[in-house]
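Given next are the chains, with one letter for each unit.
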Amino acid sequence: MANNEESRGLKSLLDWFANRRKLGSTNLERQEREIADGLWHKCPKCGVLTYTKDLKANQMVCVECGHHNRVDSDERIRQLIDINTWKPLDEHLRPTDPLQFRDRKPYSDRLREMEDKLGLIDAVKTGLGEINGLPIALGVMDFRFMGGSMGSVVGEKLTRLIEQATQRQYPVVIVCTSGGARMQEGMLSLMQMAKISAALDRHRQAKLLYIPILANPTTGGVTASFAMLGDIIIAEPKATIGFAGRRVIEQTLREKLPEDFQTAEDLLKHGFVDDIVSRTQLKTTLTQLIALHQPIPTTHPMVLWETMRLSSTAAE
């Protein structure tokens, strides 16, 4: 009889531990779900957990190690453009499938899936706005849409943006992040390189400013064209910037490349970019550069003083 009671007591004790373990597992799953819902963000570089709200306040730059997390086009526009000044351009333009391209699935199906998933029509947003009160024509590429690849719509929207800027005497800033030309559009995609470059040349002949911002990654045909045609070329820290991929180059040369190869820091050392600017300082830096390059009418000498004042205010 005593043995039966002891056995029942032992069994109930084991049940109690099992229930506690199950309850702890449920709590752990609940905590993981909360983290997954976006309450916290784990830095892929240093592993530090940061409250997502604080990370966004720091423009998605890790406060611990300075890692620049990838941001979408809407977030970029919010970071750079003054509130209530953004006027989007050519939102109606959408890609077609002139080559009837198909790999694992038709190109038209891929476009439809991207639009349903992201709410984007293509890989760039363009528009006019103000940055600390100064007018600007801004193009922002979005890597989420087919790796930010440059198709006909991307080329057309950027060309129209540059032409608008030339007509209005605005500086142009393009945030580049791309895997290169869009293979699903073949030669039509490669033609965009020449079209955008020609528009930039007309912008340059009008003595207007063009600044590309090279984010991570900027590669392929984008690097081979408008990303490297800036009057002042700015890169984000640790951004991968290049034309061909690292593995392709290593296989071609049959030698190991340095660890910092195709990084913003390496390109700065070799003179391919003019400066590396943290995202938290980007708006201030752009304001200074644009203010210093504003056209100054000879009949209004006070404009020089106003330009210097704007630059000084931005620096503060």
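A few points on the structure. Note that the structure is predicted; figures quoted are calculated from it, not measured.

Here we take up the overall build of the chain. A tally of helices and strands in the chain yields 11 helices and nine strands. Across the 316 residues that make up the chain, the buried fraction comes to 41%. Long-range pairs, those at least 24 residues apart, make up 67% of the contacts in the chain between residues at least 6 apart in sequence. For the chain, the exposed area adds up to about 18200 Å²; of that, 54% sits on carbon and sulfur atoms.

Attention now goes to the packing of helix α5 (residues 152–168) against helix α6 (residues 186–205). Across the interface, α5 lies against α6 with an axial gap of 9 Å and an inter-helix angle of 5°. As summarised for this structure, α5 and α6 are arranged roughly parallel, according to the angle between their axes. Together, Ser152, Gly155, Glu156, Leu158, Thr159, Ile162, Glu163, Ala165 and Thr166 of α5 and Leu188, Gln192, Lys195, Ile196, Ala199, Leu200, Arg202 and His203 of α6 make up the contact between the two elements. Of the residues assigned to the contact of α5 with α6, the class counts are seven nonpolar, six polar and four charged.

Our focus in this paragraph is the sheet that holds strand β8 (residues 234–235). Overall, mixed pairing links the seven strands, which are arranged β3-β4-β5-β6-β7-β8-β9 in an open sheet. The sheet is open, and its two edges are formed by β3 (87–88) and β9 (275–276), each paired on a single side. Direction of pairing for strand β6 (residues 172–178) relative to strand β7 (residues 210–218): parallel, over a ladder of six bridges. Directly across from serine 178, in β7, lies its bridge partner threonine 218.

Once that is clear, we can look at the nonpolar core. Counting residues in each nonpolar core, the largest one holds 37 residues, and the members touching the most others are Leu158, Cys176, Leu214 and Phe226. Secondary-structure elements contributing two or more residues to this core are α4 (107–118), β4 (124–131), β5 (134–141), α5, β6, α6, β7 and α9 (264–269). Counting residues per element, this core draws most heavily on α5, at five residues. Setting aside residues no more than four positions away along its own chain, phenylalanine 226 makes contact with Met141, Met150, Leu158, Ile174, Cys176, Ile196, Leu200, Tyr210 and Pro212. In terms of nonpolar packing, the next biggest core, distinct from the first, is built from 21 residues, Ile81, Val140, Leu282 and Leu289 among them.

Turning our eyes to something else, we now look at the packing of aromatic side chains. Any two aromatic rings considered together are summarised by their centre-to-centre distance and by the angle between their planes. For the structure on display, the rule yields one aromatic pair. With a centroid separation of 5.6 Å and an interplanar angle of 55°, the aromatic rings of tryptophan 40 and tyrosine 51 are classed as tilted. One end of the pair, tryptophan 40, is in strand β1 (residues 40–42); the other, tyrosine 51, is in strand β2 (residues 49–51), and 11 residues separate them in sequence.

Pairs may arise between side chains of opposite charge once their charged atoms sit close together. Under the defined criterion, the tally for this structure stands at 20 salt bridges. In this structure, glutamate 75 engages arginine 78 in a salt bridge whose closest nitrogen and oxygen atoms are separated by 2.8 Å. Here glutamate 75 pairs with arginine 78, and both are found in helix α3 (residues 73–80), just three residues apart, close to one helical turn. The partner of aspartate 103 in a salt bridge is arginine 110, with the nearest N and O atoms 2.8 Å apart. Residue classification places aspartate 103 among the partly exposed positions, given a relative accessible area of 32%. Here the salt bridges share partners, and the residues they tie into one network are Asp90, Glu156, Arg160 and Lys195.

Attention now moves to the pairing of β5. The buried count for β5 comes to seven of eight residues, which makes it a mostly enclosed element. Two strands pair when backbone bridges link them, and β4 and β5 are joined in this way by eight bridges, in the antiparallel orientation. Within the sheet, the bridge partner assigned to leucine 128 lies in β5 and is alanine 137. Counting the residues between successive antiparallel strands, the hairpin from β4 to β5 contains two residues, one of them, asparagine 132, with a positive phi of roughly 55°. Running through α5, the crossover from β5 to the neighbouring parallel element β6 is right-handed.

This part is about the environment of asparagine 216. Secondary-structure assignment places asparagine 216 in strand β7. For the pair asparagine 216 and serine 178, spaced 38 residues apart in sequence, the C-alpha to C-alpha distance is 8.1 Å. Excluding its chain neighbours within four sequence positions, the residues that come into contact with asparagine 216 are Arg70, Thr177, Lys238, Ala239 and Thr240. In terms of polar contacts, asparagine 216 uses its side chain to reach the backbone amide nitrogen of threonine 240, at 2.9 Å.

Basis of the calculations
Residues numbered from 1 in each chain as written. Predicted model: local features only at pLDDT ≥ 70, side-chain atom pairs only at ≥ 80, totals over all residues. Heavy atoms only, no water. Helix = DSSP H or I, 4+ residues; strand = E, 2+ residues; numbered from the N terminus. Buried < 20%, exposed > 50% of the residue type's maximum accessible area, 1.4 Å probe, protein only. Contact = heavy atoms within 4.5 Å. Areas by Shrake-Rupley, 256 points an atom, 1.4 Å probe, with all protein chains shown as cover. Axes fitted to C-alpha atoms, helices over the stretch in contact; angles between N-to-C directions. Parallel < 35°, antiparallel > 145°, perpendicular 65-115°, else oblique. Nonpolar A, V, L, I, M, F, W, Y, C, P; charged D, E, K, R; others polar. Pairing = 2+ DSSP bridges. Core = buried A, V, L, I, M, F, W, Y, C linked by side-chain atoms within 4.5 Å. Phe/Tyr/Trp six-rings, centres within 6.5 Å; stacked < 30°, edge-to-face > 60°. Salt bridge = Lys/Arg side-chain N within 4 Å of Asp/Glu carboxyl O. Right-handed = clockwise from strand over helix to strand, strands pointing away. Polar contact = N/O pair within 3.5 Å; in protein donor to acceptor, adjacent residues only side chain to side chain.

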